[in-house]
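Structural overview for review
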Amino acid sequence: MERTYEKEVISMVKIVRYFLLFFISNLIYSESIESGKTVIANESMVVTRHYLASKVGNEVLLAGGNAIDASVAISFALSVVLPQASPIGGGGFMVIHEAETGENFTIDYREMAPEKATEDMFVVNGEVDRSLALESYLSSGVPGTVYGLYLAHQKFGKLPWKELIKPAIKLAIDGFDITPTLAKSINTYKDKLSKTDDGKDIFFRNGEPLMAGDLLVQKDLGETLTLISKKGPAGFYKGSTAQKIQRDMRLNGGLIGLKDLRNYKAKYREPIEFDYKDLSIVTMAPPSSGGLILGLMFNMLEHIDLNTSNPHDIENIHKIAEIMQIAFSIRSVYMADSDFYDVPSNQFLNKKKAELLSRRINRDQSSTAEDFDPETFKFKENTTHYSVADKFGNIVSTTTTLNTAFGSGIVIKDTGILMNNEMDDFSAAPNQPNYFGLLGAYANRIEPNKRPLSSMTPTIVFHKDKPYMVTGAQGGSRIITAVLQVILNYYEFKLSAEEAIYLPRYHHQWQPEMLMFESFDEELKEELLNKGYSLYNRPATYDFSNGITSSIMFEGDKLIGVSDNRSDDFLSIGTNKNE
Ligand code: DON
């Protein structure tokens, strides 16, 4: 009896304390927090693809954390609330601008092929077996996320590592409401997600996929995250988590073993930095192809006159599409993990070379198109980008992924870890397209301990040394062209921050020979057809993933956070200085 009374008193005290805290924090912050799809503030900004992760990031900033602390907390939170895109079974890239020194850093935590991987591991009877590459225990590289976040935190973090993982643990154990966007994804990928018993337990109830409004509880993931919070990377790459991964892999024909996990390292890479007119662009080096391709395209653009009064002027689209084709054709041959292949980075960033290449643009007609089946390029996969700017002037731009939605769909038994299918970003065989229709050759072949070539392009842009824009996207090969267009829309075409993101985009990747577009008017389509383009419509919706961005623009002392209109669940949260 007494016990019950004691309990009641304790919970009353807790409730009163909670309300006091809530009241005090509201007194301090109520006037200063803005949240929505597009938000303007003057102190800090967080833009992520999930409102719960944005809230976690903003709370870390309010607690005195910096942009890197917020990013660590956001990544772990996304690993729970965005299982289709960014679980700890994946990898990513982070670009950091440190205010104190003015230096820029990039961290590569891309997945790595296991030691037993072989060049032709996905070739069966002379053909690439797509399901082996995309939906099997062989599809995964050794995950990099936990190591990468730890590396970032060790160098830049202010708040304790453990505190930053707490919100994710809570979301995993207590659960959170499934949004319509997540419910749609789970339903679309129900076959993939029901391949393992653990997947069935997590994403289904009574044999039916969970629906919008249902609670998604991930107890095992909560426990794995708790281990990581206590032990750092050892909670993932060593001990019981590593043993569970190795055991599940061994029992099901996978290759990742204890040694692979123990040997995994995230790395600092020299950022790719180049100028375009009076902008300085800081972005990701190989194993991302994004930074160098972006540099090459901007360097070619310096030799092109654009009609700056209309982004969708036919001549603009034609010239930019030609530039995209040249860049992507070069990508297919000269790019791979620079630890394995000597990527000619200087050539990509050489202004003279770009000038010569720009002369090869066909001024009148598109390159001739061959027949193709556009249906094979329709997809609904997932990656995610987030951008953070703190009140100290630090900036983080991160893109992270499992590759396609829910990765391989495989949940490692008793860990809640959903595994990536990043091995498909290697070229499984010469001139065989991967999931994104991208071609690759020798350089990007599968080799043990190598990282697959990526298109993820987290980017920070400076204008006369001042932060100008933070951006990046999901969308496979379309990430690079989305980043290009967002920068051009804002800088060259002088669109507002929101219009620069919302404006319908287009994409050409050399092969297949088609110009993908979100929305063009009939007259423009007619003109492009007359120029010899094959057109393929990919509407600006989440299903088509044409580079879904999370961006921050800096205008004077204002920070403008813009969530992409192509998807729901996004939230930008900004804080204002208390006057
Ligand atoms: O690293 C890459 O380029 C791909 N794995 C990214 C996949 C992606 O963006 C899918 N999302 N929409």
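Let me sum up the structure you'll find in this document. (Residues numbered from 1 in each chain as written. Predicted model: local features only at pLDDT ≥ 70, side-chain atom pairs only at ≥ 80, totals over all residues. Heavy atoms only, no water.)

1. Observations concerning the packing of aromatic side chains
- For the structure on display, the rule yields 17 aromatic pairs.
- Judged by centre distance (4.9 Å) and plane angle (5°), the ring pair of phenylalanine 517 and phenylalanine 520 falls under stacked.
- A connected cluster of aromatic rings, assembled from ring pairs, spans Phe274, Tyr276, Phe298, Tyr468, Tyr490 and Tyr491.
- A cation over an aromatic ring shows up here: arginine 445 above the ring of tyrosine 442, its NZ or CZ 3.9 Å from the ring centre.
- Just above the ring of tyrosine 491 sits the side chain of lysine 494; from NZ or CZ to the centre is 5.2 Å. (Phe/Tyr/Trp six-rings, centres within 6.5 Å; stacked < 30°, edge-to-face > 60°. Lys NZ or Arg CZ within 6 Å of the ring centre and 35° of its normal.)

2. As for the site of the ligand
- Lining the immediate surroundings of the ligand are 16 residues, of which Thr383, Glu422, Asp425, Ser454 and Ser455 lie closest.
- Take arginine 110: an N or O atom from its side chain is 3.0 Å from an oxygen atom of the ligand.
- Contact with the protein chains covers 99% of the free accessible surface of the ligand, which is 350 Å².
- Here the shell around the ligand is composed, by residue class, of three nonpolar, nine polar and four charged. (Near = heavy atom within 4 Å. Polar contact = N/O pair within 3.5 Å; in protein donor to acceptor, adjacent residues only side chain to side chain. Areas by Shrake-Rupley, 256 points an atom, 1.4 Å probe, with all protein chains shown as cover. Nonpolar A, V, L, I, M, F, W, Y, C, P; charged D, E, K, R; others polar.)

3. Side note on the pattern of salt bridges
- Per the stated rule, a full pass over the model turns up 28 salt bridges.
- The salt bridge involving glutamate 422 is made with arginine 110; its shortest N-O contact spans 3.3 Å. Taken together, the positions of glutamate 422 in the loop between β18 (417-418) and β19 (459-463) and arginine 110 in the loop between β5 (104-109) and β6 (123-124) put the pair 312 residues apart, joining distant regions of the chain.
- One salt-bridge network, in which partners are shared between bridges, spans Asp108, Lys267, Arg269, Asp337, Asp339 and Arg451. (Salt bridge = Lys/Arg side-chain N within 4 Å of Asp/Glu carboxyl O. Helix = DSSP H or I, 4+ residues; strand = E, 2+ residues; numbered from the N terminus.)

4. Description of the pairing of strand β3 (residues 44-48)
- In terms of burial, β3 is a largely internal element, five of the five residues being buried.
- Across the two faces of β3 the burial is the same, with Ser44, Val46 and Thr48 and Met45 and Val47 all buried.
- Direction of pairing for β3 relative to strand β27 (residues 571-575): antiparallel, over a ladder of five bridges. Each bridged residue has a counterpart across the sheet, and for methionine 45 the counterpart in β27 is glycine 574.
- Sheet topology note: the β3/strand β15 (residues 383-389) ladder contains three bridges and is antiparallel. (Buried < 20%, exposed > 50% of the residue type's maximum accessible area, 1.4 Å probe, protein only. Pairing = 2+ DSSP bridges.)

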